[in-house]
Amino acid sequence: MKVAVIGQGYVGLTISVFAGEFFEVIGFDNNPSLVAQLNEGFSHIEGVESDQLRKLIKQGNYSATNSGYDISEVELVIIAVPTPLSKDRQPDLKYIDAACRTIGENVKNSVLVINESTSFPGTLRNYIKPAIEKYSNFPTEHLYAISPERVDPGRGDYNQKNTPRLYAGLTAEASQRTKEFYSRFCDELVEVSSPEVAEAAKLFENTFRQVNIALVNEFAQIANALGISVYETLDAANTKPYGFMKFTPSAGVGGHCIPVDPTYLAAVAEEHGAPATFIRRANDVNLEMSKYVVDRVQVDNGGSLQGKSVLVVGVAYKPNVADVRETAAELVIEHLRNRGAVVSWHDEVVGTWNGESSAPLSGADIAIVVTKHDSVDEKAIVASAPYVFDTTGKIKGVKGL
Ligand SMILES: NC(=O)c1ccc[n+]([C@@H]2O[C@H](COP(=O)([O-])OP(=O)(O)OC[C@H]3O[C@@H](n4cnc5c(N)ncnc54)[C@H](O)[C@@H]3O)[C@@H](O)[C@H]2O)c1
């Protein structure tokens, strides 16, 4: 079977290599330089090895393209494109719309279309299906299903194979064909009664994380005000064998999912007249953590950061990945610069970012650890500045949350 995967980023490339073991996969991406890089066998995603990609290319089971013509004969299409927020922080489906146009204008046969992009309940039924039908150049009737992606890039223990996968079709036939497809490379499939349940479950999973992170971030501030260790308190609470799940504080949340997906849920809730106060507040608490961190650093350093050289250690949104989307480091740096600090950052996993390059891990007045990659030596962080503030809980013997 020929499968097209629209979007070759974290989700699309990951699913492409798993599916490529069983099917002929055509990775469609509208970024021509990425397409060229993938066809040369170089992966840009943690967790997808270039060797694996080269093997699939050699077997004829993977190729990348930015030409719609190349997907005209496929039998199954997966959508894996970004679903960001607009400038006014509303769900922005422009990439989904463009993917629907690519499918409608090019796919000749009646196929199964599966959406893996994260979006609000009703997206498959009320948006994707009508959009593809509107753009279609052919007398086709496609089947439609949703199977939200749960991949956590850089994670070793859970992957496409052993992470249970939710799915639901708009029709029983769509559900059945979706099950047949994923069961080739996924151990556990969980069918739900409607696409809306699957879409909502994905948003709720990430909202659960966002709210719990906000709670622990607020608690870090309470613990500091009370003069007790947040980490010791959390470890103590975590000795309860049931009814508690440990989250740890941070300078904020980053990545494409947790800062974004809950806002999709809040937007659809409010559109339907339901409250989303908790979700909105959690988002604010997490966004405000960067200011709290910089306030603490400022107080510890004589009340002013004017002219001080500050090194932000780790700008990726989480350890061991190069992904800087929505990273908390960006807000930390913004607050520091607004207060007159001379800011550089160290992150050799990221390398270059916003036109700047990773600075040496030494010689600053102040170091603030936002993300601790495994490859960065703890002792080198401690030695990088006379004052170090750790937001990760991983550096011993320094100030921190
Ligand atoms: N990254 C994750 O960990 C993760 C996990 C679960 C779900 N998701 C969801 O999956 C979706 C994709 O996220 P991602 O992290 O893979 O994004 P990404 O930014 O890594 O990749 C998206 C890719 O799509 C391409 N693209 C954009 N518009 C296109 C179009 N019209 N046609 C073809 N290609 C197009 C981009 O060039 C890019 O390569 C989002 O809805 C996201 O919320 C992401």
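As a reminder, the structure under discussion sits directly above these lines.
Now for a quick tour of the structure. The structure presented is a predicted model; accordingly, all values stated were derived computationally and were not measured. (Residues numbered from 1 in each chain as written. Predicted model: local features only at pLDDT ≥ 70, side-chain atom pairs only at ≥ 80, totals over all residues. Heavy atoms only, no water.)

Turning our attention to the packing of helix α7 (residues 195-226) against helix α10 (residues 277-300). Between α7 and α10, the least distance of the axes is 8 Å, while the angle of their chain directions is 40 degrees. Classified by the interaxial angle, the pair formed by α7 and α10 is oblique. The interaxial crossing formed by α7 with α10 has left-handed handedness. Along the contact surface, α7 presents T207, Q210, V211, I213, A214, N217, E218, A220, Q221 and N224, while α10 presents F278, I279, A282, N283, V285, N286, M289, Y292 and R296. (Axes fitted to C-alpha atoms, helices over the stretch in contact; angles between N-to-C directions. Helix = DSSP H or I, 4+ residues; strand = E, 2+ residues; numbered from the N terminus. Parallel < 35°, antiparallel > 145°, perpendicular 65-115°, else oblique. Left-handed = near helix turned anticlockwise from the far one by under 90°. Contact = heavy atoms within 4.5 Å.)

Compared with the 18 Å implied by 1.5 Å per residue over 13 residues, the 18 Å span of helix α4 (residues 94-106) between its first and last C-alpha is a close match. For α4, every residue scored as buried is listed here: I96, D97, A99, C100, T102, I103, G104 and N106. Looking at the packing, one finds that the buried side of α4 touches β1 (2-6), β2 (24-28), β4 (76-79), β5 (112-115) and α5 (123-135). (Expected span 1.5 Å × (residues − 1). Buried < 20%, exposed > 50% of the residue type's maximum accessible area, 1.4 Å probe, protein only.)

Now for the sheet that holds strand β3 (residues 62-65). Spatial strand order, β3-β2-β1-β4-β5-β6-β7-β8: eight strands in an open sheet with mixed pairing. The outermost strands of the open sheet, each flanked by one partner alone, are β3 and β8 (189-191). Within the sheet, the average angular offset between the axes of one strand and its neighbour, ignoring direction, is 25 degrees. The sheet contact formed by β1 and β2 spans five bridges and is parallel. (Pairing = 2+ DSSP bridges.)

Next up on the list: the pattern of salt bridges. For the coordinates displayed, the defined rule picks out 20 salt bridges. For D51, the salt bridge is made with R54, and the minimal N-O distance between the two is 3.3 Å. On the criterion of helical spacing, the pair formed by D51 and R54 is a turn pair, its members being three residues apart in helix α3 (residues 50-59). The partly exposed category is assigned to R54, whose relative accessible area is 34%. Of the charged contacts, one joins K246 and D235 as a salt bridge, the two residues approaching to 2.6 Å between their closest N and O atoms. Here D235 lies in helix α8 (residues 230-237) and K246 lies in the loop between α8 and α9 (261-271), a separation of eleven residues in the sequence. Owing to a relative accessible area of 41%, D235 belongs among the partly exposed residues under this scheme. By sharing partners, the salt bridges in this structure join E116, E149 and R165 into a single network. (Salt bridge = Lys/Arg side-chain N within 4 Å of Asp/Glu carboxyl O.)

Lining the immediate environment of the ligand, one finds 27 residues, of which Y10, V11, D29, T83 and T118 sit closest. D29 is positioned with one of its side-chain polar atoms (N or O) 2.6 Å from an oxygen atom of the ligand. For the ligand, whose accessible area on its own is 830 Å², the fraction buried by protein is 91%. For the shell around the ligand, the secondary structure elements donating two or more residues are α1 (10-19) and α4. The biggest single contributor to the shell around the ligand is α4, with three residues. Of the residues contributing to the shell around the ligand, the split by class is 14 nonpolar, nine polar and four charged. (Near = heavy atom within 4 Å. Polar contact = N/O pair within 3.5 Å; in protein donor to acceptor, adjacent residues only side chain to side chain. Areas by Shrake-Rupley, 256 points an atom, 1.4 Å probe, with all protein chains shown as cover. Nonpolar A, V, L, I, M, F, W, Y, C, P; charged D, E, K, R; others polar.)

β1 sits mainly inside the fold: four of its five residues count as buried. Between the parallel elements β1 and β2, the chain passes through α1 in a crossover that is right-handed. Relative to β4, β1 runs parallel, the two sharing four bridges. If you follow A4 over to β4, its bridge partner there is V77. (Right-handed = clockwise from strand over helix to strand, strands pointing away.)

As for its position among the elements, T207 is in helix α7. A residue is classified by how much of its surface remains accessible, and T207, at 4% relative accessible area, is buried. Here the side chain of T207 touches L203 through a polar contact of 2.7 Å, landing on its backbone oxygen. When near neighbours in sequence (up to four residues on either side) are disregarded, T207 contacts P262, L265 and I279.

This next bit is on α10. If you check α10, its first and last C-alpha atoms are 34 Å apart, about what 24 residues at 1.5 Å a residue would give, namely 34 Å. Of all the bends in α10, the greatest, near 30 degrees, is centred on M289. Just past α10, the residue G302 takes up positive phi, approximately 75 degrees. (Bend = angle between axes of the 7 residues up to and from the residue.)

Time to look at the packing of aromatic side chains. Taken as a whole and assessed by the stated rule, the structure comprises ten aromatic pairs. Within the aromatic cluster, the residues linked to one another by ring pairs are F18, F22, F23, F181, Y182 and F185. (Phe/Tyr/Trp six-rings, centres within 6.5 Å; stacked < 30°, edge-to-face > 60°.)

Now for the state of the cysteines. Inspection of every chain in the model, using the stated rule, returns zero disulfides. Unpaired in terms of disulfides, C100 finds its nearest cysteine sulfur in C257, a separation of 20 Å. Cysteine C257 remains unbridged, with the sulfur of C186 as its closest cysteine sulfur at 17 Å. (Disulfide = S-S within 2.5 Å.)

Attention shifts here to the packing of α7 against α8. Here α7 crosses α8 at 120 degrees, and the two axes come no closer than 9 Å. What the angle tells us is that α7 and α8 run oblique. Between α7 and α8, the residues in contact are V216, F219, A220 and A223 and V230, T233 and L234, respectively. Taken together, the residues of the contact of α7 with α8 break down into six nonpolar, one polar and no charged.

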